[in-house]
Amino acid sequence: MKRVYIYIMCSLLAISLHAQDGFGTYLRDVIQKQEKGIFVTAKLIEACGLCDSLDLLMDYKYEHLYQSGMIQDMENYMEKSGYDMSSIPGDPNAYAPEHRRYGYTVFAETDDFWEQQLGKSYKDITVADVKNYVVSMGLYPNASNDDQFDDEDNVLNLFVTYHMLPRRVPIHKLVIHSNELGYSISRPFQYTLPVYEHYITMGKRRLLRTYESLESNGIYINRFPRFDNGIYGSGHEISCDPDKAGILIDTQKAIPYANEIPNAIIYPIDQLLAYTEDVRNNFANVRSRYDIAGLFREFTTNDIRRADSSLGKYQHVYIPNNYQYMDDLTMSQETYFIYYNGYKTAWANYCQDEIKAFGHFDVTLRLPPVPKAGEYELRYKVLATAARGIVQVYFGTDKDALPPAGMPFDFTKNCYDYLRDNLSWSDISDSGKDEYEIQQIENELREHNVMKAARFESEMSTTTARDKSNCVRLILVRQMMDPDQTYYVRFKTVQANLDRPELYMDYIELCPKAVYDNPYVPEDIW
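Residues numbered from 1 in each chain as written. Predicted model: local features only at pLDDT ≥ 70, side-chain atom pairs only at ≥ 80, totals over all residues. Heavy atoms only, no water.

Draft legend 1. Spatial organisation of the pairing of strand β13 (residues 335-340). In terms of burial, β13 is largely enclosed, as five of its six residues are buried. In this structure, strand β11 (residues 316-319) lies alongside β13, joined through four bridges in antiparallel fashion. Bridge pairing in β13 links I319 to F337. By the bridge criterion, six bridges tie β13 to strand β14 (residues 354-359) in an arrangement that is antiparallel. By the bridge assignment, I338 is partnered in β14 with K356. (Buried < 20%, exposed > 50% of the residue type's maximum accessible area, 1.4 Å probe, protein only. Helix = DSSP H or I, 4+ residues; strand = E, 2+ residues; numbered from the N terminus. Pairing = 2+ DSSP bridges.)

Draft legend 2. Looking closely at the pairing of strand β1 (residues 104-109). Within β1, six of the six residues are buried, leaving the element largely enclosed by the surrounding structure. Here β1 shows two buried faces, one formed by Y104, V106 and A108 and the other by T105, F107 and E109. The pairing of β1 with strand β9 (residues 264-269) spans six bridges and is parallel. Bridge assignment links F107 to a residue of β9, and that residue is Y267. Pairing between β1 and strand β2 (residues 164-165): two bridges, direction antiparallel. Counterpart to T105 in the pairing with β2 is L165.

Draft legend 3. How the structure looks around helix α7 (residues 111-118). Burial in α7 covers these residues: D111, F113 and W114. The arc that holds the buried residues of α7, viewed along the axis, is 155°, so those residues lie on one side. Where the residues of α7 are buried, they touch α3 (39-47), β1, α8 (127-136) and α9 (155-161). (Arc of directions from axis to C-beta. Contact = heavy atoms within 4.5 Å.)

Draft legend 4. Summary view of the side chain of H177. With respect to the element layout, H177 can be found in the loop between β2 and β3 (195-200). Judged by relative accessible area, H177 falls into the buried class, the value being 17%. For H177, the side chain forms a polar contact with the side chain of E180, separated by 2.8 Å. If we skip the residues at most four places from it in the chain, H177 touches Y183, Y191, V195 and E212. (Polar contact = N/O pair within 3.5 Å; in protein donor to acceptor, adjacent residues only side chain to side chain.)

Shown next, in the form of structure tokens:
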């Protein structure tokens, strides 16, 4: 009887959530009332035919399956993984997410901005005015210039959707401060190294970066400064050209929107945001690092990634293998997939968290787009242990028929295992070596498609992943890639006889040839 009662109550809750107004309704209300603030942005979004989809609050199919017991927690997950866990005494379970909510984020030029640019009152600014302005600025020269604004290739649609993310990003997670070298969560506003997040926009999938450093005095969109990132540098921002300074996000003005809209948040900006040729060139000249958990918009919207809690339901999140919870990941039913939050845990992982896929795993990720056509390396960070095993990697554009990316990779190897026999970590670590020696070792490792891990993330306050012999970056793929193609990478265990192999997932990098094969400036170690 109790289970029936709970199910009925949850069904009533789902009905009430259906009735709740979403982001699209909020925008229509702004238009109807002609409220100043983001009135012009609201009209542009409506003109692109997006309001109906922005009213989506929740995946009610998942809700039904969870409440009816078809989606279950993983009890005693250590029996299936058999290896490490976070420090949560007495809680052996991994918990399935209670909901699969939808969310959205918009970076919106204010009505004051549009009044200054177009010389009209915000109430008198039309959609055609903005479209003509975008065309006159030459922002998307190859786009169609008709009034089919719901077409992803339309100039206005390209402009509007670049301001939008298909995830709700709360203010305190626009960037993730966790375990960058020198940072401590006990001093949360004493920043050290620069941190950034890469996001994929709505409409045409394009890159957008949020960035914050000790020197930036705020969170910026698409900021590309210079760093003191030599081998013995500080890693800090040292200067920024005006044309690369980016756009400051007004987080204070975002607070009311965060409180008013259940499935979205709006961040006011006072400069023009666009995916220009200059922005694409900036992205094409830096290494882009992606926390794998950050690739999943569902993790952000549903407060899974980097939840500020040591409770088991947030520390070990089990993603069910009988429902596709993440749009950008598919896995076999023989795969067990757990997100390890790592809250207040001293792990040498990027952003401290990690993911484990174990069992006879078979996992496929949709990769972020590249900014421009060219040669790129796809890299994968491994923390090598005997549990990891041998993995076949596949890569390509046909998700259902990906070709192998060379021979299987041995995820159990330390850095020095790839080089000459009888080497130890002291032979190749940075300690006690000058810059020339360190660079020569880097070059030798790269000949084996291997790199040391980055100096960015720290296990303790001074020990970084680069100081650990079993933290390795593997170069999975080096090939031409195109921004108009969608690429996938697949990881499949080849050890059918191994009882519980693990796929450790931390971060990937997409690095352009201009960075890794620069004849003048070697790639930095950060």
